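# Summary of structural features
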Number of protein chains: 6
Amino acid sequence: MNERFNKGMETMRQYVSEEELQQMVSNDALAHIAPDLRKLIVEYAYGDIYSRGELDAKERALVVISTVVTQGAAPQTKTHIKRGLYAGLTEAQIVEAILQLAPYIGFPRVQNALTLASEVFAAQQQNV
Amino acid sequence: MNERFNKGMETMRQYVSEEELQQMVSNDALAHIAPDLRKLIVEYAYGDIYSRGELDAKERALVVISTVVTQGAAPQTKTHIKRGLYAGLTEAQIVEAILQLAPYIGFPRVQNALTLASEVFAAQQQNV
Amino acid sequence: MNERFNKGMETMRQYVSEEELQQMVSNDALAHIAPDLRKLIVEYAYGDIYSRGELDAKERALVVISTVVTQGAAPQTKTHIKRGLYAGLTEAQIVEAILQLAPYIGFPRVQNALTLASEVFAAQQQNV
Amino acid sequence: MNERFNKGMETMRQYVSEEELQQMVSNDALAHIAPDLRKLIVEYAYGDIYSRGELDAKERALVVISTVVTQGAAPQTKTHIKRGLYAGLTEAQIVEAILQLAPYIGFPRVQNALTLASEVFAAQQQNV
Amino acid sequence: MNERFNKGMETMRQYVSEEELQQMVSNDALAHIAPDLRKLIVEYAYGDIYSRGELDAKERALVVISTVVTQGAAPQTKTHIKRGLYAGLTEAQIVEAILQLAPYIGFPRVQNALTLASEVFAAQQQNV
Amino acid sequence: MNERFNKGMETMRQYVSEEELQQMVSNDALAHIAPDLRKLIVEYAYGDIYSRGELDAKERALVVISTVVTQGAAPQTKTHIKRGLYAGLTEAQIVEAILQLAPYIGFPRVQNALTLASEVFAAQQQNV
């Protein structure tokens, strides 16, 4: 592919394992209806944005977890908690970031996010 | 006041100057209709939540900026950008956190937040 | 007009003074681009919905204030606080309803709503 | 525990049965990752906020149902409809409050909330 | 029923098959708790609004798909993708409208909507 | 600049006049804090997304107006109404698209959007 795609793939390696990365690209559930979506995410989100300076991978993961929890986006909350762990955040730091949102977004979205976090943590444990 | 209030005030000192803190408590614009609100924010948000461990003041500021930008909460975006700077984040880090939100919340809220950030940065410059 | 419109106007009299009601209908700022909007609101919102049973005017006003505050809809927050007062809610009850939202929507929207409430309360005082 | 926790538990008794209350505290699904969350909810939401005056338990339940329906928070919509019934609201009043939101939040969230309400009502029937 | 209901039913025929339309009215899952909801939707949404001029059925379907995807309303996203197809939009046009939202609402809601779209498209295929 | 930027600029010419386009690029209010933002919007939003097939400029403008109105994004609502007019939508079509949202997002955001639309229409008239 092109330079931005390669830069995006390189950046994603800070957030997902090589195995997952290959699977994500080769086995895209939406490829039959939106064949460009995966490419757009890799190039734009990871190639253009995540790859920038000033913040490290753990800080970017905190920012992204905060926004998907605030939006109540369930599948993405699980995805980005997983990526945050891979980038080096501890489970305790992720829980703490979600609790820090409580005075700003209220308990409902915080509770739902912590339920999703506990599912991700349990699944990780099983993989060990 | 009580222990939680004192702990909240102590924690707030990581995010606002002593002068601003005194002004906030003594000169509360909502005191005549909701006299308990300021106390609830100091005790609960700062005393119970911000004072917890695992994340430092700069990380908590990043999380809070991300959530208020995601919500499109204009006055709070300005407040928490100011508090983030006081806690030690650089202007470049704050801009970067807001840009990191673009693939997740879209350009409208990112643009509006960067406009507010530029106003905060300009006002800080004048105070120097 | 028709029966639903008349029922809507009748129902609105529980929330706005006769003077305001006449002004609203005769002096509609959006009439030149959307001449049917006012009619749709009177017929559907007030004629079909507000006029139903089971809840009284004060309870409906509490429900509506809660939803516009949750949405962060500023002009409507002011409008429905005014209508709630006219329907018989006290200032203290309205403040209390907004505070009750804090654990569910967080402080930003609560603070912004209380600021708008204090503006409405001040304007009412001047009219006395 | 402390005074605020006890006040919160006392206030919760207006919204949940003793049995449910004990279960909620002793059997907290999120206790292993966020052991303080339940305590924060009891102390802050119920001890500090719900326990205040000016509005009674039924009015507070109406306000809370309105906000969680507006946010589209599914698990909390079910929870607070159940608590509203326990506090003395009738099924018809809860349905009516949700319908009152239609002109303000549109049909999608109203339909989804009524579907959840019908599930809660059916489950209650079976418990009789 | 009345004139608005008939006009609403007539308008709905541009978006749903006769079979589905009859089923929707005769077999309303919410009829036991909110017997007026279906009537309100037919009369107000379809009789008053969809039936207006200036935009054709396909354009209105694009507008409605855009708003329910932006709101993250899952059941309604499926419903209105189905109605858009019935009104004459192609699968490719619907996918394209959802992708056009990406720079404005971010990838999470776009991905979730495309997943729902692929489910609707697959179900349609089976019906052929 | 690069190919995507050029493609983005070319696509934008369907939505803004040459004069406005030059002003937007040469006179970017956020350039001092986020010098890459304008470039990201041109390349990604216009170069990658708006330039795709299946929908024409007027249809894309309808989709974008619907999403920014749904989000309650005020400055962007004005911007994209202006761009929609430039792309060939009539004032009546834009008003109609906003009214079509009423059963899905409620009156508050519809009213606020129509107020912004009337400001854009009035400003256009003066430029004639």
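Up top is the structure these notes are about.
Not measured: the values here are computed from a predicted model.

Calculation notes
- Residues numbered from 1 in each chain as written.
- Chains lettered and ligands numbered in written order.
- Predicted model: local features only at pLDDT ≥ 70, side-chain atom pairs only at ≥ 80, totals over all residues.
- Heavy atoms only, no water.
- Contact = heavy atoms within 4.5 Å.
- Buried area = accessible area lost by both parts, 1.4 Å probe.
- Salt bridge = Lys/Arg side-chain N within 4 Å of Asp/Glu carboxyl O.
- Polar contact = N/O pair within 3.5 Å; in protein donor to acceptor, adjacent residues only side chain to side chain.
- Helix = DSSP H or I, 4+ residues; strand = E, 2+ residues; numbered from the N terminus.
- Nonpolar A, V, L, I, M, F, W, Y, C, P; charged D, E, K, R; others polar.

### Some points on the interface of chain C and chain D
How big an interface is tends to be reported as the loss of accessible area on association of its parts. Listed as interface residues are 32 residues of chain C and, on the opposing side, 32 residues of chain D. In terms of surface lost to chain D, no three residues of chain C exceed Glu 96, Gln 100 and Tyr 104 of chain C, which account for 23% of the buried area on that side. Viewed at the interface, chain D and chain C are joined by four salt bridges. Put simply, Glu 96 of chain D and Arg 52 of chain C hold a salt bridge, and the shortest N to O gap is 2.7 Å. Viewed at the interface, chain D and chain C are joined by twelve residue pairs in polar contact (both at pLDDT 80 or more). Elements that contribute at least two residues to the side of chain C that touches chain D include exactly helix H3 (37–50), helix H4 (57–71), helix H6 (91–100) and helix H7 (102–105) of chain C. Looking at which element gives the most residues to the side of chain C that touches chain D, the answer is H4 of chain C, with ten residues. The class makeup of the residues in the side of chain C that touches chain D is 19 nonpolar, eight polar and five charged.

### A short note on the interface of chain B and chain A
Taken residue by residue, the interface counts 32 residues in chain B and 32 residues in chain A. With both sides pooled, the region where chain B packs onto chain A buries about 2,900 Å², and carbon together with sulfur makes up 64% of that total. Of all residues in chain B, Glu 96, Gln 100 and Tyr 104 of chain B give up the largest surface area on contact with chain A, accounting jointly for 24% of the area buried on that side. Inspection of the region where chain B meets chain A yields four salt bridges. Where chain B meets chain A, there are twelve residue pairs in polar contact (both at pLDDT 80 or more). Secondary-structure elements contributing two or more residues to the side of chain B that touches chain A are helix H3 (37–50), helix H4 (57–71), helix H6 (91–100) and helix H7 (102–105) of chain B. Ranked by residue count, the leading element in the side of chain B that touches chain A is H4 of chain B, at ten residues. Residues of the side of chain B that touches chain A, tallied by class, amount to 19 nonpolar, eight polar and five charged.

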